[in-house]
Amino acid sequence: MSSSVPRLVIAAPASGSGKTTVATGLMAAFAARGLTVSPHKVGPDYIDPGYHALASGRVGRNLDAYLCGPELVGPLFLHGARGCDIAVVEGVMGLFDGAAGEGELASTAHVAKLLRAPVVLVVDASSQSRSVAALVHGFTSWDPEVRVGGVILNKVASDRHEWLLREAMEQVGVPVLGVLRRAPQVDTPSRHLGLVPVAERREEALGAVAAMAAQVSEGCDLDALTRLARGAGGLSCAAWDAAEAVSSPADRPTRSHERPRPRVAVAGGEAFTFSYAEHTELLTAAGAEVVPFDPLRDEELPEGTSGLVIGGGFPEMYVSELSANEPLRKAVAGLAESGAPVAAECAGLLYLCRELDGQPMCGVLDAGARMTQRLTLGYRDAVAVGDSVLAAAGTRMRGHEFHRTAVEPGSGPDPAWGFRSPERRIEGFVRRGVHASYLHTHWASEPGVALRFVERCRTS
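These numbers were taken from a predicted model, which means no experiment stands behind them. (Residues numbered from 1 in each chain as written. Predicted model: local features only at pLDDT ≥ 70, side-chain atom pairs only at ≥ 80, totals over all residues. Heavy atoms only, no water.)

Caption draft 1: Inspection of the UniProt feature "site: Increases nucleophilicity of active site Cys" (unreviewed entry) in the chain at higher detail. Look at the UniProt record and you will see "site: Increases nucleophilicity of active site Cys" (unreviewed entry) annotated at His-440. Under the relative-accessibility criterion, His-440 is labelled buried at 2%. Sequence-distant contacts of His-440, defined by excluding residues within four places in its chain, comprise Tyr-46, Phe-274, Gly-312, Glu-345, Cys-346, Gly-399 and His-400. (UniProt positions renumbered as here; feature names shortened; annotations may be inferred. Buried < 20%, exposed > 50% of the residue type's maximum accessible area, 1.4 Å probe, protein only. Contact = heavy atoms within 4.5 Å.)

Caption draft 2: Structural detail: the domain arrangement of the chain. As assigned here, the chain comprises domain 1 (7–231) and domain 2 (260–458). Using only C-alpha atoms to locate each centre, domain 1 and domain 2 end up separated by 32 Å. Domain 1 puts 24 residues into the contact, and the matching count from domain 2 is 29 residues. Between domain 1 and domain 2 the total buried area reaches about 2,400 Å² when both faces are included, carbon and sulfur atoms providing 65% of it. Counting every contact that joins domain 1 to domain 2 gives two salt bridges. (Domains from an automatic or database assignment. Buried area = accessible area lost by both parts, 1.4 Å probe. Salt bridge = Lys/Arg side-chain N within 4 Å of Asp/Glu carboxyl O.)

Caption draft 3: Quick look at the sheet that holds strand E13 (residues 342–345). Read across the sheet, six strands follow the order E11-E10-E12-E13-E21-E20 without closing on themselves; strand pairing throughout is mixed. Strands at the two margins of the open sheet, each flanked by one partner only, are strand E11 (289–293) and strand E20 (429–431). In this sheet, neighbouring strand axes are inclined to one another by 15° on average, regardless of whether the strands run parallel or antiparallel. Across the sheet, helix H13 (residues 326–337) is in contact with E11, strand E12 (305–310), E13, E20 and strand E21 (434–437); its angle to E12 comes to roughly 110°. Contacting strand E10 (263–267), E12 and E13, helix H15 (residues 448–459) crosses the sheet at an angle of about 145° to E12. (Pairing = 2+ DSSP bridges. Helix = DSSP H or I, 4+ residues; strand = E, 2+ residues; numbered from the N terminus. Axes fitted to C-alpha atoms, helices over the stretch in contact; angles between N-to-C directions.)

Caption draft 4: Fine view of the pairing of E12. In terms of burial, E12 is a largely internal element, six of the six residues being buried. Where E10 meets E12, four bridges bridge the pair, whose relative direction is parallel. Its bridge partner being in E12, Ala-265 is matched across the sheet by Leu-308. Across three bridges, E12 lies against E13 in parallel orientation. Bridge pairing in E13 places Val-309 opposite Ala-343.

Now the structure itself:
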């Protein structure tokens, strides 16, 4: 079976070159032309896909060869790109930067090769002229399997600067597909973990995305970019399917039509914005009714809640509001005390603690949390220390940590995970039906997690 969706990978020599501006602007510009655009992000980033969703009108999806394995990159891409006219994939860091100590694994170049997709290199030209040719030559020749189909020159100062850059690029033989001038109106605010999520600044974000679209439409050759995307190779794999992932054809009808559908409440709103779309799809396919709620505003859990998922986000930015919502904090504590399944990642872990920065949280865990100056960031190779509502003891999963907070103690009497790399340590909490950890995981890599969680919701 061979599937082909026109697609581009937007990469750069380094972070800060303008990938997000170009990728988001391209998505919006293509959508304005009437194309159905599939947005994707290389790596574990949760924030950029929110801007991609604004630009394209579709859910932004991640492609992470470390979290999910190289074999799932193509299927997950095709799943997200169903029914689309074109796909835009924003890279991560520099083109060849991947998981530390793992060679090309999970780099933008690796994903581009797995997708057989042409790469558009976004180069920050603000402090160079002729040297840009040497830079581009190096990136185009480093790995012959990576096809750099063109360059977009970003942060160009003037007409003369553009002329000098184009003259230099003629010597490399790589097409210049766009030239973008400095434009502060496309900038998006950042803080301790990157860009401010769309959910916290929707109106401003809409304006920023519109400015990105206008800049890219004016400065880039959209027709040439479309032709390049159509030259992507076919993929010899089938699209990922959540129902197939959690069940065999023999028992799928029984699961979806004859068995009760437990109600799983999933935290959202401004404080809990980090989630992968596939998690909800897997929970639904496993037989759950997924209901969103907002811990900042809702004073009760959804009626009939039998399981709770609290993903990542920025509770530290809303600690006073979360603390002030005492009715919901008590409801969460009561649900956990009843033994119902509760899965909490990172922000969810903080919310379940006794307190965060001195303000009361749910008190489900005998631990305190606080902001720190230290950034904890990186992939982790983890193994489940004991049985929990998510995994049987010994289950191996790969995950990602990304936080500037600390929890004391860092693990309970029954830890959630043992990390095998980059350092050996235990982390997280398993208590009755609660599984709480800093580790972000992608359930598509281990669909049994969703199935096990829903089964526990039925029987708890």
